[in-house]
Amino acid sequence: MVAFESKSYSKRLLHLISWSHWFTFFNIIVAITLSALYVFAESPPNTVIGNIYLYTTWFSHMGFLTFMGFVLILFPIILIYPRTRFIRTTASIIYTLGMVLLLLDAFVYGRLGYHLNASSSDQIIQLIGGLIAHNSLKFWVICFSTALLILGLQLTVSNYAWKHLRDLQSIKFVKYIVFSLVAAFFTSHFVHIWADAKLDYSVLRQDTVLPLSYPSTAQSLLNKYGFFDEDVYLERKTNTLFVDENTAIYPSNGAQCSVNSSIDRSVFMVLSKSSLNINQINNFALKSEASSLKLNHHIDNALPNDSWFNMFYSLPTVYKESVLSQNTKPLFIQAIESNKLPMTITVIGNNSLKDTWFYNWFSSKTELSDISSLIFSQNEKDFTERLNQTKPGFHVFYFEDEKAGQFELFSDALLLAQRQKSQKDIIWLSSIGNVDHTQGLTIKPSLIVVPETKNKRVRRLTSHMDIQPTLLTQWLSCPEVANALPNGQDILGLKERRVIANTIDSGFMVFNKDKSIFIDKEGKFESYSRQLKAPIEIKSDFPMMIDGVKFIKRFNEQQ
């Protein structure tokens with residue numbers, strides 16, 4: 001060792017570079033082996049050209065990334081400080097960190113569908129945090145054991161390559177392996193160029209499989225997750241999105257809610273076609289003596305009739321046609337009917353609900369031009385007294401656009417009347433429906449009043465799809481039935497950060513805690529600027545889009 005360190009700079013440098021080439025070659029083999037986790041996480045291509053691309057890009061891309069790690073990191077260090085022990089130790093640590101990072105990225109990709117990235121750090125942290133919370137000892141033992149095992153392998157390979165450098169240099173077949181990797185590199189790129197021109201999605205859908213690979217497109221990812229068929233892609237550019245497995249059966253176990261004779265309060269759902277704002281919600285909360293939860297991050301991103309579907313069925317709009325064709329009522333309505341509770345609906349203004357698919361569910365239907373008959377009584381009973389005499393049940397009040405002012409008057413009267421009731425009711429105040437997708441990209445603040453809960457502001461995302469699970473749990477005491485609705489959650493039990501998505505005819509919208517995006521069928525991304533109060537074009541956010549797609553497909557996957 002002393003003799004080697006005393007050699008001239010050029011000789012030491014050449015010797016270390018030769019060793020580093022072999023050390024990197026062994027790491028290329030390790031990287032290709034570990035990256036099989038990415039390949040196994042995906043279903044195999046169904047075409048010959050897709051399989052050719054899979055294997056050529058797998059071997060060549062991982063070999064290229066590993067070699068670039070040598071060129072960009074290890075090689076400059078060798079040039080600057082060519083000391084044997086330092087270089088060998090540093091190289092082992094660098095490649096150990098790289099392999100551990102590769103395993104972490106493969107794990108995240110297998111669970112979430114995308115690689116490590118800053119824009120989805122919340123979901124990644126939540127995923128890892130959940131593992132630690134489940135069994136922290138097991139998590140840390142596996143992590144440290146894996147890191148030590150890889151470091152041991154690196155040191156062993158480093159020592160072997162150093163001691164057997166002359167023997168390794170005499171091996172002839174290695175150059176054929178290197179030539180094969182280079183050939184695979186060019187083959188995979190030529191195949192991808194051809195696939196781009198021919199729109200061959202058996203190739204294009206693989207763009208996001210390996211880390212730092214090709215930038216994908218919205219169409220490729222939508223195809224990958226079954227949102228359109230590449231065979232009829234051109235024809236579907238003007239049609240609605242669909243889910244391949246859109247024949248999922250809507251559950252019919254709402255009647256399993258045991259008949260509960262102790263239900264002694266009503267649910268009043270007061271809905272407005274006009275959007276509400278934060279100031280209105282704050283004013284309503286001040287008038288409520290019972291516990292009120294301000295839903296300042298509430299989402300309603302569908303067109304009017306679709307919003308009613310989202311609310312009643314707790315499902316994204318893409319399932320509407322399939323579910324309604326099954327003639328199965330929502331679990332919530334099934335549970336109400338099994339408890340023989342009254343259901344009423346009152347429409348104030350022009351009745352646009354008369355011909356809707358849900359209107360006949362209600363046993364009592366009332367159409368009014370204004371709220372005078374609701375607030376003022378002809379038989380001298382005031383509003384509070386009549387409210388106290390109302391049998392426990394489900395009561396919907398819907399205000400058309402021109403009655404927005406009356407919506408506020410009625411809501412105020414309802415909340416003030418609750419102060420004099422011995423048994424407080426559950427009340428939900430919200431807007432419903434949007435004119436277009438631009439309006440759907442905005443937040444729609446709402447208010448839910450649930451007695452005997454602590455006053456608080458819900459800081460998590462909520463949506464119309466959460467209303468049914470919340471009422472099943474908080475009113476009808478059927479949390480086990482609510483669990484059959486994977487797209488909605490009990491609002492009072494929200495703890496995790498969420499991504500919520502929904503479809504419309506021209507694309508779909510995705511929300512997280514920071515922003516909202518709309519992706520049309522041509523792959524263009526739009527977001528909504530609260531400062532500008534207008535839609536803006538943004539850089540493609542594929543991790544958020546993937547989270548949205550997974551949210552939409554959750555109902556199918558549960559079944």
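Scroll up a little and you will see the structure.
Below or above, wherever it landed, is the structure these notes cover. Here the structure is a predicted model, which is why all the values come from computation and not from measurement.

This part takes up helix α5 (residues 84-112). Taking 1.5 Å as the rise per residue, α5 with 29 residues should run 42 Å; its terminal C-alpha atoms sit 42 Å apart, in good agreement. Phi turns positive one or two residues past the end of α5, at Gly-113, with a value near 95 degrees.

So, on to the sheet that holds strand β12 (residues 507-511). Picture the strands of a sheet paired through backbone hydrogen bonds; they go either parallel or antiparallel. Read from one edge of the open sheet, five strands run β11-β12-β13-β14-β15, paired in antiparallel fashion. The strands lining the two open edges of the sheet, one partner per strand, are β11 (500-504) and β15 (534-537). Going across the sheet, the axis of each strand differs from the next one's by a mean of 25 degrees, ignoring polarity. Note that β12 and strand β13 (residues 516-520) share five bridges and pair antiparallel. Residue pairing across strands places Gly-507 opposite Asp-520, the latter belonging to β13.

A few words on the side chain of Asp-300. You can see Asp-300 is positioned in the loop between β3 (298-299) and α14 (304-313). For Asp-300, the side chain forms a polar contact with the main-chain nitrogen of Gly-433, separated by 2.6 Å. With residues up to four places along the chain from it excluded, the contact list for Asp-300 reads Ser-307, Ser-431, Ile-432, Gly-433, Asn-434, Gly-440, Lys-444 and His-464.

Our next topic: the pairing of β12. In terms of burial, β12 is a largely internal element, five of the five residues being buried. Note that β11 and β12 share five bridges and pair antiparallel. Pairing of Ala-501 across the sheet is with Val-510, part of β12. Joining the antiparallel neighbours β11 and β12 is a turn of two residues. A loop of four residues connects β12 with β13, the two strands running antiparallel in sequence.

Conventions and cut-offs
Each residue is numbered by its place in its chain's sequence as written, counting from 1. Reporting in this predicted model follows two pLDDT cut-offs: at least 70 for local features of residues, and 80 or more for side-chain atom pairs to be given and counted; totals over whole chains, interfaces and linings ignore these cut-offs and use all residues. The side-chain values count all of the structure's non-hydrogen atoms but skip hydrogen atoms and water molecules. Counting from the N terminus, the helices are DSSP H or I runs at least four residues long and the strands are E runs at least two residues long. Expected span of a helix, by definition, is 1.5 Å for each gap between consecutive residues, and there is one gap fewer than residues. Here the rule is simple: two strands pair whenever DSSP picks up at least two bridges between them. Lines fitted to the C-alpha atoms define the axes, with helices restricted to the stretch that makes contact. Angles between their N-to-C directions range from 0 to 180 degrees. Under the rule applied, a polar contact is a pair of N or O atoms within 3.5 Å (in protein, one hydrogen donor and one hydrogen acceptor; residues adjacent in sequence only if both atoms are side-chain atoms). Here, residues are in contact when the closest pair of their heavy atoms is within 4.5 Å. Buried, partly exposed and exposed residues are distinguished by accessible area as a fraction of the type maximum, computed with a 1.4 Å probe on protein chains only: under 20%, between the cut-offs, and over 50%, respectively.

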